[in-house]
Every structure is written in C-alpha cells, then in structure tokens.
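Here is how the chains run, residue by residue.
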Amino acid sequence: MKVRFWGVRGSIPVPGRATNRYGGNTSCVEVRPRGAAPIIIDAGTGIRRLGKSLMEEAFRDGKGTASILISHTHWDHVQGLPFFSPLYRAGNQVHIFARQRDMHLEAVFSQQHDAAYFPVPLSAMHADMQFHEVVEGARFDIGTAKVTCARLNHPWVAIAYRIDVDGASVVYCSDTAPFTDLLLGKDFIERPSFGTLPPPVRDELATMRAGVVALAKGADLLIYDTQFTPDEYTSRPHWGHSRPDDAIEIAREAKVKQLCLFHHAPLRSDDDNDAILARYREVTSGDKFSLVSAYEGLEIPLGDQ
Ligand SMILES: [Zn+2]
Ligand SMILES: [Zn+2]
C-alpha cells in the first residue's frame, strides 16, 4: 500500500508563506492498497485536491469507489467533504464511516450542507453515498483491507483506525489528549485542573490508553496527533491534543516501525515544524523506530506495492 498525506494541519487551514513546505490544509490521508480503491482517512480541506486527482481515474466516468474513515466530525476533519469532486458524479460509490452519535450520521453530515453554510444540499450530490456508523472496538473489512477502531480521549470522542493490508499496517491516531490528566468526551471542560483523578476515571483512561497501544501494536506506521508543545499542553489540556512525547511513549510501547508527527498546530511555521522534528529525532536517536513529520505530498510506501 501507499500512504499519502493531503492535509496535515489541525484546527483550521493556514495557507501562506510560512506554511508552504508542510502545507496549510487540514487533515486528510489517503491509504491506497495495491490495485484497489482508495481508503481515505478524514475529510479536512486536503480532500479537495485528492478529489481532483481521483477525477483523473475511474471517478471521472462515475465508476469509482472510495471509503472515507472519519475520526470525528470537527470542522478540520470534515470541512473538505462538500468540495470532494467524486461526490458530484453519478455512479461513484462513496462509503463514509464514522462513530455513532446521538443523531444519525447522515444527519450530521447534512448539517454542513444546510443552506446557511453551503448552497448544495447533501441530497443533491449525485454519487451513491452510504453511511456506516462504527463503535469503538469495531472490526470490518474494506476489500482486502482489515480495519480496526479504538476510542481516543477528545472532546465528544474521536476514533483511531488501524488498516492492515498488503502485508503491512498503518494506524491513524488523531485527535487525542494524553491519557493521564483529564477524561474528555461527555462534556466540554471549561476550567481544567491538574490533580489526582478519582480511581474510576483513572481506570477508564488507562483502559483507553491500553486500547490505543494494542491498536498500534507492531504497526509499520503510526500517525499521531502532536499538535502541542509541552508548554502549550500545560495551558490547554482540555483541547484534546497530545505532545510528541506522548506519541513517542505509545510508539515505544507498541513497538511500531515508524512514527509520524501529525495535526500540526495552525500557528506552527515550517521552521517551527523543522525544529520540533530535529529535537525529537535527537530524543528518539536510540529508538528502533524512525521519526518523520507529515507534510502535504509526503508518500510512504508500506508492505507490498
Ligand atoms: Zn482536529
Ligand atoms: Zn477535534
């Protein structure tokens, strides 16, 4: 398979001179199993250009099939979907997988096509769209690819995905806070405080962390939310994002082969990202895994090509 990054940014797109090299688009990663339809993870603004490139394939003639795994429905993970060209061509099949919520998934996605926000209603997009609600721990197949899910520690919950195909595995773990200080999910915490956690909360976080380590076990590539520096995390632990240090701990425990820093903060310039990568390459110089930082256009081949 090939893993290609189309959007690597968290929160909001940040085009401009300071972000040219890493790119300013929000989260979108394409996993392309050998000779098979694309599996796309997240539909941030990066999916627009991916859609244009897919329109040079079978999608142009309405004969394409794509699956989109959504980690969660915050803007930076879904905002590009209305601009995904294959959805406008009848005959294309697009399967959208996301976590079950109180409201049906199709209704959640329809809302961003409400007339106040976008002129074309979801129902007017001509492709055959199928919505699949997943729960944490779910396992399902997409063609020959095996997909596994785990829960992450994020306001209103996000899902991590593992894809095993072509004799290799990739794990996408964004967005998540560390599993030590706060339990996020059921509410927005306005005033976080660091302190001793009640045992049930500590246990729930430990279980969630163990689930993430198990999901990433032996993965060829672990893509991880590293939006924060340690200082930024200290002042915003309730935003639901990690530091490179957290990703490195998980990578060590899970014995992954490669770790990719991802979901870069919008205020991070290319030079900032270079410096973070250089610093953490030193930190991991004795580790068995290699460390990369995601940028738009980065392509990582894994397993059989
Ligand atoms: Zn995000
Ligand atoms: Zn989020």
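Figured I'd write up the structure that's included with this text.

So, how was this worked out
- Residues numbered from 1 in each chain as written.
- Chains lettered and ligands numbered in written order.
- Predicted model: local features only at pLDDT ≥ 70, side-chain atom pairs only at ≥ 80, totals over all residues.
- Heavy atoms only, no water.
- Disulfide = S-S within 2.5 Å.
- Donors = N, O, S within 2.8 Å, 3.2 Å for Na, K, Ca; no water.
- Tetrahedral: all angles 85-135°; square planar, octahedral: opposite > 155°, others 65-115°.
- Helix = DSSP H or I, 4+ residues; strand = E, 2+ residues; numbered from the N terminus.
- Buried < 20%, exposed > 50% of the residue type's maximum accessible area, 1.4 Å probe, protein only.
- Pairing = 2+ DSSP bridges.
- Axes fitted to C-alpha atoms, helices over the stretch in contact; angles between N-to-C directions.
- Contact = heavy atoms within 4.5 Å.

Details of the state of the cysteines
Linking two cysteines covalently via their sulfur atoms produces the bond known as a disulfide.
Here is step 1 of the chain: Counted under the stated rule, the structure contains zero disulfides.
Here is step 2 of the chain: Take cysteine 149: it sits in no disulfide, and the sulfur closest to it among the cysteines is that of cysteine 173, at 12 Å.

Quick look at the coordination of the zinc ion (ligand 1)
Here is step 1 of the chain: Distances from the zinc ion (ligand 1) to its protein donors, Asp76 (OD), His77 (NE2), Asp175 (OD) and His263 (NE2), fall within 2.1 Å.
Here is step 2 of the chain: Coordination at the zinc ion (ligand 1) is irregular: its four donor atoms span angles of 91 to 163° at the metal.
Here is step 3 of the chain: Going along the chain, you hit the donors of the zinc ion (ligand 1) in the pattern D-H-x97-D-x87-H.
Here is step 4 of the chain: Here the zinc ion (ligand 2) and the zinc ion (ligand 1) are spaced 3.6 Å from one another, each receiving a donor from aspartate 175. One end of the pair, histidine 77, is in helix 2 (residues 75-78); the other, aspartate 175, is in the loop between strand 10 (168-173) and helix 4 (199-216), with 98 residues separating them in the sequence. You'll find histidine 77 and aspartate 175 in the same group, each marked buried.

Side note on the sheet that holds strand 3 (residues 39-41)
Here is step 1 of the chain: On the basis of which strands lie adjacent, the open sheet formed by seven strands has the order 6-5-4-3-2-1-14 and mixed pairing. The sheet terminates laterally at strand 6 (128-134) and strand 14 (299-301), the two strands that pair on one side only. Between one strand and the next, the sheet's axes are offset by a mean angle of 20°, whatever the strand orientation.
Here is step 2 of the chain: In this fold helix 1 (residues 47-54) packs onto strand 1 (2-7), strand 2 (28-32), strand 3 and strand 4 (65-69), with an angle of close to 35° to the strand it touches most, strand 2.

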